[in-house]
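# A structural walkthrough
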Amino acid sequence: MTADIILHSNAVFTGLADLPSPGYVAVAGNRILAVDSGGGLEWSGPTTRVYELGDRLICPGFSDVHCFFTGYLLAQIQADLSAARTAAEVIAAAESNPSAHTDGGAILACGVRSDIQAPDESALDSAFGDVPAILFVQGGETCWMNAAARRTFGFTPETCWSESYWRLLRYLLNDRKRSVPAFKKYLAMLNSRGVTSVKEMGFDDFYGFTDVLAELEHKGEFTMRVHFMSQPVGAPMNLPYGRAMRDRFQGEFVRFSGYNQMTDGSISQLEGDMKEPYCCTDTCCAKKIDWDGLRADALAADAEGFRFSLHAQGDAAIGKVLDIYEKCLRDTDGKVLNRHAITDLECSDPADLERMGRLGVIAEIYPQIMSIADRAGKLAMIEEKIGLDRGRNYWNRRKMAESGVVLSCATDLPLLVDDIPESVYHSVGALFPEGGEPFNKQNTLTVGQLLSAWTRGGQYNLGRESELGTLEAGKLADIAVLDTNLFAISPEDARDSRVCLTLVDGRVVWEAL
């Protein structure tokens, strides 16, 4: 047998060893034919495409295990009103711009300048009548709404964003002339970052978008593997829906991956659930959390064979999630049967990380999270809210690894956009964007551990480790190539690296060589 593609490099990271080594990866059809030292020319034929990659780093394809196409979609399909200078110009631009009008009969636009005084609702009612209209102010934290929008979407300008934007999704996702091209753009964007698999958060029943997933898979138009979850927000957890999706999607590119729910919130907002009170107040958590409801949902899903992901930031929240998972089905070694996970894990108790390892609970970490902070501001927040002593437990990925926790990587996209070299800068270098002194260097990962989390750990999370996640003969050929050997440079220099080649199912889906 001859190869269709041979990738030859001085740095092949298979995911089976801590460090890369010189060699090649030969691909035939959609599978890896061989991985070995040497040039691989023994697999070459007259039509084989040989990539001589020099010192470029070959890796298994990367997996993002917590992202939201819906958030990306919201930013992609709205009309931009930033050129308008007055309220009258904003309204006129929204009325006249075709891209503001969705097939669902709503008007959605963004970019309203924050220095423009919002008009009375009556002016918006006069302009838009019974058509729901939402015009987001720059930054997305507030908006202008007419009465029809309030009635339709059930929120107000003061509560319009992260906790409520899901109410818009039925309109956005069912506007297929926009949502489908945006989804393909989303796939291509992630391919350019070396991402070949994602775990996608689909609110409730994904509001009909599963029909699009089925159609695209039938047409062979996927350039990335999508494992979608149901996150209940507008209705209770729906187990019949999960059963139907599990039965419907069993192909190579689309699968149903269980359920996701939030627990606590940000420590900076006093909403992270902490074991000890905050330094600046007598509360351990300013947010009311329905732990009984979360426990009931997780156990019900577990009994049906579904995996569950719970988002937890504070050390108490992480501990309470583990209390729930301890009640789930377990094997003879005491590990959970249904690959349950905890997402974020901002500030953790080391003892709970050991318990997490014993339970076999997967960590979904955000290795780029430091990119949206600065050292002075973050340390000031930590000192004010929980004190620097507890702050030593921030982003303690090393303890997770040492405790046998399977690590996988996520971005919470669109909060962050996948950039694997940037994740090395932050999670190996322990550096904030401006550089300087590392933060909690004792909690960092090695380059090998981090890349394993992006690859092997991600596919274990998705239940695909037998066919993806490492470079081995017989596995599916999902491969990413970086233009720099990240093992040969300092973390401080990693951000200059880029993905230059991505293969999915043996096909080149991104090339920038």
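Calculation rules
Throughout, residues of each chain are indexed from 1 in the direction in which the sequence is written. Local features in this predicted model are restricted to residues of pLDDT 70 or higher, and side-chain atom pairs are both shown and tallied only at a pLDDT of 80 or more, whereas totals for entire chains, interfaces and linings draw on every residue. Here the side-chain values reflect all heavy atoms present in the structure, with hydrogen atoms and water set aside. We count a stretch as a helix when DSSP gives it H or I for four or more residues in a row; a strand needs E for two or more, and each element gets its number in order from the N terminus. Computation of the radius of gyration draws on C-alpha atoms, with the globule rule given as 2.2 Å multiplied by the number of residues to the power 0.38. Buried, partly exposed and exposed residues are distinguished by accessible area as a fraction of the type maximum, computed with a 1.4 Å probe on protein chains only: under 20%, between the cut-offs, and over 50%, respectively. Exposure was quantified through the Shrake-Rupley algorithm and a 1.4 Å probe, taking into account, for residues, occlusion by the shown protein chains and nothing else. Here a cavity is any set of points on a 1 Å grid over the protein atoms alone where a 1.4 Å probe fits but cannot get out, and a pocket is any open set with protein on both sides within 12 Å along at least 5 of 7 lines; a residue lines the site when it has an atom within 4 Å of a point. Grid points are joined across faces, edges and corners, and a volume is the space filled by probe spheres set on the points. Any pair of Phe, Tyr and Trp rings, taking the six-membered ring for Trp, is counted once the centres come within 6.5 Å. Such a pair is stacked with planes under 30 degrees apart, edge-to-face with planes over 60 apart, and tilted for the rest. Distance and angle both matter: a charge sits over a ring if NZ of Lys or CZ of Arg is within 6 Å of the ring centre and within 35 degrees of the ring normal. This arc is taken over the directions from the axis of the helix to the C-beta atoms. Note on definitions: a residue-residue contact is assigned when non-hydrogen atoms from the two residues lie within 4.5 Å. Any pair of nitrogen or oxygen atoms within 3.5 Å is treated as a polar contact; in protein, a donor-acceptor pairing is required on top of that, and neighbouring residues in sequence qualify only through side-chain atoms on both sides. Note on pairing: two strands pair once DSSP finds at least 2 bridges between them. Between N-to-C directions, angles span 0 to 180 degrees; the directions come from axes that are lines fitted to C-alpha atoms, helices contributing only their stretch in contact.

### Observations concerning the overall build of the chain
Helices and strands together make up the secondary structure of the chain, namely 16 helices and 20 strands. Radius of gyration (C-alpha) of the chain: 24 Å, near the 24 Å computed for a compact globule of 513 residues. Projected onto its principal axes, the C-alpha positions of the chain cover 75 × 55 × 50 Å. Among the 513 residues that make up the chain, the fraction classed as buried is 56%. Accessible surface, the chain: about 19800 Å² in total, of which carbon and sulfur atoms supply 49%.

### Some details on empty space enclosed by the protein
Summary: where empty space remains is shown by rolling a probe the size of a single water molecule over the atoms. All told, the structure shown has one cavity of 30 Å³ or more when counted by the stated rule. Considering only enclosed or pocket space, the largest cavity measures out at about 60 Å³ in volume.

### Quick notes on the packing of aromatic side chains
For the coordinates displayed, the defined rule picks out 26 aromatic pairs. Summarising the aromatic geometry, the rings of Phe62 and Trp454 are spaced 6.5 Å apart at their centres and angled 70 degrees between planes, so their arrangement reads as edge-to-face. Of this pair, Phe62 sits in strand 6 (residues 62-67) while Trp454 sits in helix 16 (residues 447-461); the two residues are 392 residues apart in sequence, bridging distant segments of the chain. Taken individually, Phe62 and Trp454 each receive the classification buried, so the pair is uniform in this respect. Residue placement shows Arg225 over the ring face of Phe253; its charged tip is 4.7 Å from the ring centre. For Arg246, the ring lying beneath its charged end belongs to Phe306, and the centroid distance is 4.0 Å.

### Remarks on helix 12 (residues 375-385)
Along helix 12, the positions that sit buried rather than exposed are Arg375, Lys378, Met381, Ile382 and Lys385. The arc enclosing the buried residues of helix 12, seen along the axis, measures out at 140 degrees, which places them on a common side. Lining the buried residues of helix 12 we find helix 13 (388-391). Of the residues that open helix 12, the one with a side-chain oxygen 3.3 Å from the backbone nitrogen of Ala376 is Asp374.

### Re the sheet that holds strand 13 (residues 254-262)
Ordered by their spatial adjacency, eight strands build an open sheet running 6-11-12-13-14-15-16-17, and the pairing between neighbours is parallel. Only two strands of the sheet have a single partner each, and these edge strands are strand 6 and strand 17 (407-409). Neighbour-to-neighbour, the strand axes of this sheet turn through a mean angle of 25 degrees, independent of strand direction. Of the strands in this sheet, strand 6, strand 11 (195-203) and strand 12 (225-231) are in contact with helix 6 (residues 176-191), which crosses strand 11 at around 140 degrees.

### As for the sheet that holds strand 10 (residues 143-145)
Across the sheet, which stays open at both edges, the four strands sit in the order 7-8-9-10 with mixed pairing between neighbours. Whereas interior strands pair on both sides, the edge strands pair on one side only; in this sheet they are strand 7 (79-80) and strand 10. Across two bridges, strand 7 lies against strand 8 (residues 107-112) in parallel orientation. Bridge assignment links Asp80 to a residue of strand 8, and that residue is Cys110. Set on the sheet, helix 3 (residues 121-128) makes contact with strand 8, strand 9 (133-137) and strand 10; between it and strand 10 the angle comes to about 60 degrees.

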